[in-house]
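In case you want the letters, here they are:
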Amino acid sequence: MNKILYCPESKYNKNERIKKMFLCISKWIRSKEITDLIKLFGGNEVEEAEKLNDLEYIHWLHRFVKVWDYRKKQANMGERWNVYDEDDVIKNEHKILNAAEALGMININETNIKPDFILPLGGARMTNFDRPNMTKYIIDRYSWTDKQIVALSGNRSLNEIEYPYIRKYAYSAETEYEAMNSGLEKVFSLNNRFTEKKVFDDNPNLCACIRKYDEKYKNSCIYSVAAPSSEPEKRRANSYDTFIYFLKKFDVKKEDRILLVTSSIYVPFQLLLFMDLAIEYGFEVDCIGSDMVVQGNKLSKSSNYLQEIKSTIDVIYKLSNKYYDVVSGGN
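Predicted model, so just to flag it, every value in this text is computed and none were measured.

**Concerning the sheet that holds strand 2 (residues 148-153)**
Part 1 of the argument: Read across the sheet, seven strands follow the order 3-4-5-2-1-6-7 without closing on themselves; strand pairing throughout is mixed. In the strand order of this sheet, the two ends are held by strand 3 (194-199) and strand 7 (284-289), each with one partner. For this sheet, the mean inter-axis angle between neighbouring strands, taken without regard to orientation, is 15°.
Part 2 of the argument: In terms of strand pairing, strand 1 (residues 117-120) meets strand 2 through two bridges, oriented parallel. Each residue of the ladder has a partner; that of Ile118, found in strand 2, is Ile149.
Part 3 of the argument: Across the face of the sheet, helix 12 (residues 267-281) comes into contact with strand 1, strand 6 (257-262) and strand 7 while running at roughly 165° to strand 7.

What follows is the structure, given as structure tokens:
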């Protein structure tokens, strides 16, 4: 496991945590792997750009990584599975996968924190089963008890291309939320008894649900949450919407610890996305992946890894703008 990015401890004040976060970010963006990938895709000026200070370099990177926006170029901003590997990606596949592993995007399945909340995150295909399954695995592995398991998803309708996967664990599911519920019920052998609060709206992007199962696992309460969108006229709920909704609905205290469970390819992106909230609200966060790559096999296309490196740099860019005064030396 290789993990450069981590959340600074809550014992430090806000500005100290911001500075420590950007020390990690600096190591990540200035790693040999990032430099080599940029050179592979025509960024020969990267060595000159690396002479810039961190904030200037982040802005330069943010402009460059548009070259890896395959969802926009190939899929018209559609789903990730519509992305394919172009010739320049195929010929550099080995280098891309090695870089992804070094950047903390492959086999990230260990944590150093003992969480109060464990959050399996919703997604496509098998993820609504795999991530609850990883949640159970890590609870058993560390002999944890008395946690709060809160699965976060959305009310998006499932795509037909997902059905061959979804039907393996959620035969009748029509939404991501319903697929996550089935995943939780199968993994934790739940009896399908629960209390549920729903918010209905003609706009499905505004619908929301919170389900609490009657049964527990090792004295850990199990919830399933579907969040509304913060921009319902434009899009469905995104990861940040689900994080904010979770914080509104659950009693997260300062110095609490939260463990996100996603897929390894998304760990840097999701960690930094939630780390901003951790610093603002005074808690701690870590992130692990539910998948394992064995004997050189790959779980995602090489283009997907490049796309998620771009997504991570996009988050870093937003953080650099938000915390510019602190990172640049102001108070």
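**So, the packing of aromatic side chains**
Part 1 of the argument: Here the structure, examined in full by the defined rule, presents 14 aromatic pairs.
Part 2 of the argument: Look at Phe117 and Phe246: their rings are 5.4 Å apart centre to centre, the planes differ by 80°, and that puts the pair in the edge-to-face class. Taken together, the residues span a long stretch of sequence, with Phe117 in strand 1 and Phe246 in helix 11 (residues 239-249) at a distance of 129 residues.
Part 3 of the argument: Measuring from centroid to centroid gives 4.5 Å for Phe243 and Phe274, while their planes differ by 75°, and the two rings are edge-to-face. Here the residue Phe243 occupies a position in helix 11, and Phe274 occupies one in helix 12, the gap between them amounting to 31 residues. Taken individually, Phe243 and Phe274 each receive the classification buried, so the pair is uniform in this respect.
Part 4 of the argument: Three or more aromatic residues joined by ring pairs form one cluster here, namely Phe41, Tyr57, Trp60, Phe64 and Trp68.
Part 5 of the argument: Over the face of the ring belonging to Tyr12 we find Lys20, whose NZ or CZ atom lies 4.4 Å from the ring centre.
Part 6 of the argument: The ring centre of Tyr163 lies 4.2 Å from the NZ or CZ of Arg167, which sits over that ring.

**Points about the pattern of salt bridges**
Where side chains of opposite charge bring their charged atoms close, a pairing between them can arise.
Part 1 of the argument: For the coordinates displayed, the defined rule picks out 23 salt bridges.
Part 2 of the argument: Taking the shortest distance from any N to any O, the salt bridge between Lys51 and Glu48 comes out at 3.2 Å.
Part 3 of the argument: Between Glu196 and Arg211 there is a salt bridge, with the nearest N and O atoms lying 3.0 Å from each other. On the criterion of sequence distance, the pair formed by Glu196 in strand 3 and Arg211 in strand 4 (residues 208-213) is long-range, its members being 15 residues apart.
Part 4 of the argument: If you follow the salt bridges from partner to partner, you end up with Lys14, Asp276, Glu280 and Lys322 in one network.

**With respect to the layout of surface pockets**
Part 1 of the argument: When its volume is computed, the second largest pocket comes out at roughly 330 Å³.
Part 2 of the argument: Taken together, 17 residues make up the lining of the second largest pocket; nearest its centre are Tyr6, Cys7, Asn112, Ile113 and Asp286.
Part 3 of the argument: With three residues, strand 7 is the single largest residue contributor to the lining of the second largest pocket.
Part 4 of the argument: For the lining of the second largest pocket, the per-class residue count stands at eight nonpolar, two polar and seven charged.

**A few points about the pairing of strand 1**
Part 1 of the argument: Of the two faces of strand 1, the one holding Phe117 and Leu119 and the one holding Ile118 and Pro120 are both buried throughout.
Part 2 of the argument: The β-α-β motif built from strand 1, the intervening helix 8 (residues 127-142) and the parallel element strand 2 has right-handed crossover chirality.

**Things to note about the packing of helix 1 (residues 14-29) against helix 13 (residues 302-322)**
Helix-helix packing is characterised by the crossing angle of the two axes and by the distance between the axes.
Part 1 of the argument: Contact geometry for helix 1 and helix 13: axes closest at 12 Å, N-to-C directions at 140°. Helix 1 and helix 13 meet at a crossing whose hand is left-handed. For the pair helix 1 and helix 13, the contacting residues are Met21, Phe22, Ile25, Trp28 and Ile29 in the first and Ile309, Thr312, Ile313, Ile316, Leu319 and Ser320 in the second.
Part 2 of the argument: When its residues are assigned to classes, the contact of helix 1 with helix 13 shows nine nonpolar, two polar and no charged.

How each quantity is defined
Residues numbered from 1 in each chain as written. Predicted model: local features only at pLDDT ≥ 70, side-chain atom pairs only at ≥ 80, totals over all residues. Heavy atoms only, no water. Pairing = 2+ DSSP bridges. Helix = DSSP H or I, 4+ residues; strand = E, 2+ residues; numbered from the N terminus. Axes fitted to C-alpha atoms, helices over the stretch in contact; angles between N-to-C directions. Contact = heavy atoms within 4.5 Å. Phe/Tyr/Trp six-rings, centres within 6.5 Å; stacked < 30°, edge-to-face > 60°. Buried < 20%, exposed > 50% of the residue type's maximum accessible area, 1.4 Å probe, protein only. Lys NZ or Arg CZ within 6 Å of the ring centre and 35° of its normal. Salt bridge = Lys/Arg side-chain N within 4 Å of Asp/Glu carboxyl O. 1 Å grid on protein atoms, 1.4 Å probe; cavity = no way out; pocket = protein on both sides within 12 Å on 5 of 7 lines; lining within 4 Å. Points joined across faces, edges and corners; volume = space filled by probe spheres on them. Nonpolar A, V, L, I, M, F, W, Y, C, P; charged D, E, K, R; others polar. Right-handed = clockwise from strand over helix to strand, strands pointing away. Left-handed = near helix turned anticlockwise from the far one by under 90°.

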